[in-house]
Each structure stands twice: as C-alpha cells, then as structure tokens.
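In case you want the letters, here they are:
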Amino acid sequence: MIEYKEGEFKEFIIKPNSSLSWKGNKIFFFMLFFVSFVIAFSFAMAGMWLIVPFTGLEMILLGSALTYCYIKNSQCEIVKIDENKVSVALIRMRTKKVFDCNKYWAKFILNKPKLSGYPHKLVLRSAGREMEIGALLTDEERIKLARMLKKKCRVEIYKEHTR
C-alpha cells in the first residue's frame, strides 16, 4: 500500500497490505476462542475431557500466530524528497534505519529480473551505497511506485537488468 503526501516535501509511506487491524484480530481471536471452548466443554461433559487442554494449546498457538503476523505487518518505509535531499527510513518494530543522500546524486533504479515470474527490485543508489525501496510491496505496486516517483518528484528512473 502506497500513501502519498505533499507539503514542504514529497513523502511516500509504504506499508504491506494488512488484512485486519489489531482490533479486528482481537475480535476474530475471541470469537474463535469462545466457539472452540463451548465445543470443547460440551465434549468434556460427555466424558471426553482430554479435548480441553488441546483446545487451550490450540488457542495459545493461534494467538501467538496472530500477534506475530500483526507485528510483521506493522513495518513501513518512508521516502521523503525535498529540494536538496532524498531520505528513506525503514521502520521495523523498534528499529529505524535511515538512508540519506543528496538529491542530485541519487538514482532510483528499477532492476528487471533475469527470469520471468521474479519481482522487479527498486533501489536508491548514491555515492556507492544503495538501499532497496518497496520490498514490502507486490511487483505491480513496486512498478507503480517507480512511476509515481518519476511523475510526482521528477526524478529519473533507470532500468537495469539484475546480475
């Protein structure tokens, strides 16, 4: 998902597609929790009590998986472009990696894959350093981001084949 904001500088906020919010995840989990334990306790009343601890284990694993997926989907990339500087910030959980460079030395490069079916790779290259942009996006969204950068920010997009 790409959000574009324009003000003192042009800003692209890149996030992975998220199917549910944290509130939606909690509602889904507690509905499934309730239904599973109603079924487990009805079997326990019929004498099959061994189902209850396995239902609890299943709910612990489901809650852990939902939390892990939500945390992985909360990462984002922020690309800021102003008159003189290009800045890319990669935010994952509690860490933030920033790549700053001069706008005139910066090159956005859309690498074409050697084999069909593989995704394109969009990188920002400057002074011998490079950082991938849009790794959280699908291939179509990455190409769309390259077009948006070219159109809205008037930056050149170079196309190269990967090695």
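Above: the structure in question.
The rules we used
Residues numbered from 1 in each chain as written. Predicted model: local features only at pLDDT ≥ 70, side-chain atom pairs only at ≥ 80, totals over all residues. Heavy atoms only, no water. Phe/Tyr/Trp six-rings, centres within 6.5 Å; stacked < 30°, edge-to-face > 60°. Helix = DSSP H or I, 4+ residues; strand = E, 2+ residues; numbered from the N terminus. Buried < 20%, exposed > 50% of the residue type's maximum accessible area, 1.4 Å probe, protein only. Salt bridge = Lys/Arg side-chain N within 4 Å of Asp/Glu carboxyl O.

Chemist: Honestly, the packing of aromatic side chains in this entry has me stumped. Any pointers?
Modeler: One pair of aromatic rings is described through two measures. These are the centre distance and the angle between the planes. Per the counting criterion, the structure on display carries 6 aromatic pairs. Ring centres of Phe-33 and Phe-37 lie 4.7 Å apart, and the angle between their planes is 50°; on these two criteria the pair is classed as tilted. In this pair, Phe-33 and Phe-37 are both assigned in helix H1 (residues 22-45), 4 residues apart and thus about one turn of the helix distant. Arranged with centres 5.8 Å apart and planes meeting at 35°, the rings of Phe-37 and Phe-41 form a pair that is tilted. Pair noted here: Phe-37 and Phe-41 are both in helix H1, with a separation of 4 residues, about one helical turn. The exposure class assigned to Phe-37 is buried, which follows from its relative accessible area of 15%. According to the relative accessible area criterion, Phe-41 is partly exposed, its value standing at 42%. Through successive ring pairs, a cluster of aromatic residues spans Phe-29, Phe-30, Phe-33, Phe-37 and Phe-41.

Chemist: Whenever I open this one, the pattern of salt bridges confuses me. Can you help?
Modeler: Side-chain pairing between opposite charges can occur once the charged atoms of the two side chains come close. In total, this model carries 3 salt bridges according to the counting rule given. Between Glu-130 and Arg-125 there is a salt bridge, with its nearest N and O atoms 2.9 Å apart. The class of Glu-130 is partly exposed, set by a relative accessible area of 41%. Taking the relative accessible area as the measure of exposure, Arg-125 reaches 25% and is therefore partly exposed. The salt bridge partner of Arg-142 is Asp-139, with a shortest N-O separation of 3.6 Å. One end of the pair is Arg-142 and the other is Asp-139, both in helix H3 (residues 139-153) and 3 residues apart, which spans about a single turn.

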